[in-house]
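Reading the structure
Chain by chain, the residues:
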Amino acid sequence: MAEDAGASGSNNDGGGGGGIKEQDRLLPIANVGRIMKQILHPNAKISKEAKETMQECVSEFISFVTSEASDKCKKERRKTVNGDDICWALATLGFDEYAAPLKRYLGKYRQLEGDKAAANQDHNSNIEDNIWRGIN
């Protein structure tokens, strides 16, 4: 019976890591339900069973893609999985139609983060200038 529980993934992640709690392995069901609700018309209802099924599916999908990206990083002797690795994993696993838009999003995200960093750097330079002027 203990083998059955492990095989279903309810007690661990199936990767031999052993003992990962289900709430740590799965996305929060409230978040899954909120995402599902966005797609449906306002009066639609979603059963608990549907939310739990989707919760299992999306959590498994994330693990699947992340594992592929992690394997790539290990082969390249890197410890950090980045957005490009996730895009690569999606394409490698046959999810090309998701990889392309995610790649575009990643580029926009990086541009926005770069803009924020530049603005912070300008702000910090102004503060340093003011401090320096105050010392002299």
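Criteria and cut-off values
Residues numbered from 1 in each chain as written. Predicted model: local features only at pLDDT ≥ 70, side-chain atom pairs only at ≥ 80, totals over all residues. Heavy atoms only, no water. UniProt positions renumbered as here; feature names shortened; annotations may be inferred. Helix = DSSP H or I, 4+ residues; strand = E, 2+ residues; numbered from the N terminus. Buried < 20%, exposed > 50% of the residue type's maximum accessible area, 1.4 Å probe, protein only. Areas by Shrake-Rupley, 256 points an atom, 1.4 Å probe, with all protein chains shown as cover. Patch = residues over 30% accessible without salt bridge, like charges linked within 9 Å, V, L, I, M, F, W, Y side chains within 5 Å. Salt bridge = Lys/Arg side-chain N within 4 Å of Asp/Glu carboxyl O. Core = buried A, V, L, I, M, F, W, Y, C linked by side-chain atoms within 4.5 Å. Contact = heavy atoms within 4.5 Å. Phe/Tyr/Trp six-rings, centres within 6.5 Å; stacked < 30°, edge-to-face > 60°.

Where an unreviewed UniProt entry is consulted, the chain appears under the name Transcription factor CBF/NF-Y/archaeal histone domain-containing protein, with the organism given as Hibiscus sabdariffa. Recorded in UniProt for the chain, the comment headed Sequence similarities (unreviewed entry) runs: "Belongs to the NFYB/HAP3 subunit family."

**Side note on the overall build of the chain**
Summing up its helical and strand segments, the chain has 6 helices and 0 strands in all. Along its sequence from the N terminus, the chain presents helices and strands in the succession α-α-α-α-α-α. Going through the 136 residues of the chain one by one, you find that 15% of them count as buried. Accessible surface computed for the chain: about 10600 Å², of which carbon and sulfur atoms make up 55%.

**Quick word on unusual backbone geometry**
For Arg77, which is not glycine, the phi dihedral falls at a positive 55°. Along the chain, Arg77 falls in the loop between helix 4 (48–75) and helix 5 (83–92). Assessed through its relative accessible area of 80%, Arg77 is described here as exposed.

**Some remarks on a nonpolar patch on the surface**
Together, Leu27, Phe61, Ile62 and Phe64 make up an exposed nonpolar region whose accessible area comes to about 330 Å². As for its placement among the helices and strands, Leu27 is situated in the loop between helix 2 (22–25) and helix 3 (29–39). Note on Leu27: relative accessible area 35%, which makes it partly exposed.

**What to know about the nonpolar core**
The nonpolar side chains of soluble globular proteins are, as a tendency, buried together. Core analysis: the biggest nonpolar cluster contains 5 residues, these being Val65, Ala69, Ala89, Leu90 and Ala99. Broken down by secondary-structure element, the contributors of at least two residues to this core are helix 4 and helix 5. For Ala99, the contacting residues outside a window of four places in its chain are Cys87, Leu90 and Ala91.

**Looking at the packing of aromatic side chains**
Using the criterion set out here, one finds 3 aromatic pairs in the structure. Consider the rings of Phe95 and Tyr98, whose centres lie 6.3 Å apart with planes at 55°: the pair is tilted. Measuring from ring centre to ring centre gives 6.3 Å for Tyr105 and Tyr109, while their planes differ by 25°; the resulting arrangement is stacked. Of the two residues, Tyr105 and Tyr109 both sit in helix 6 (residues 96–135), 4 residues apart, roughly one turn of that helix. Residue Tyr105 is classed as exposed on the basis of its relative accessible area of 52%.

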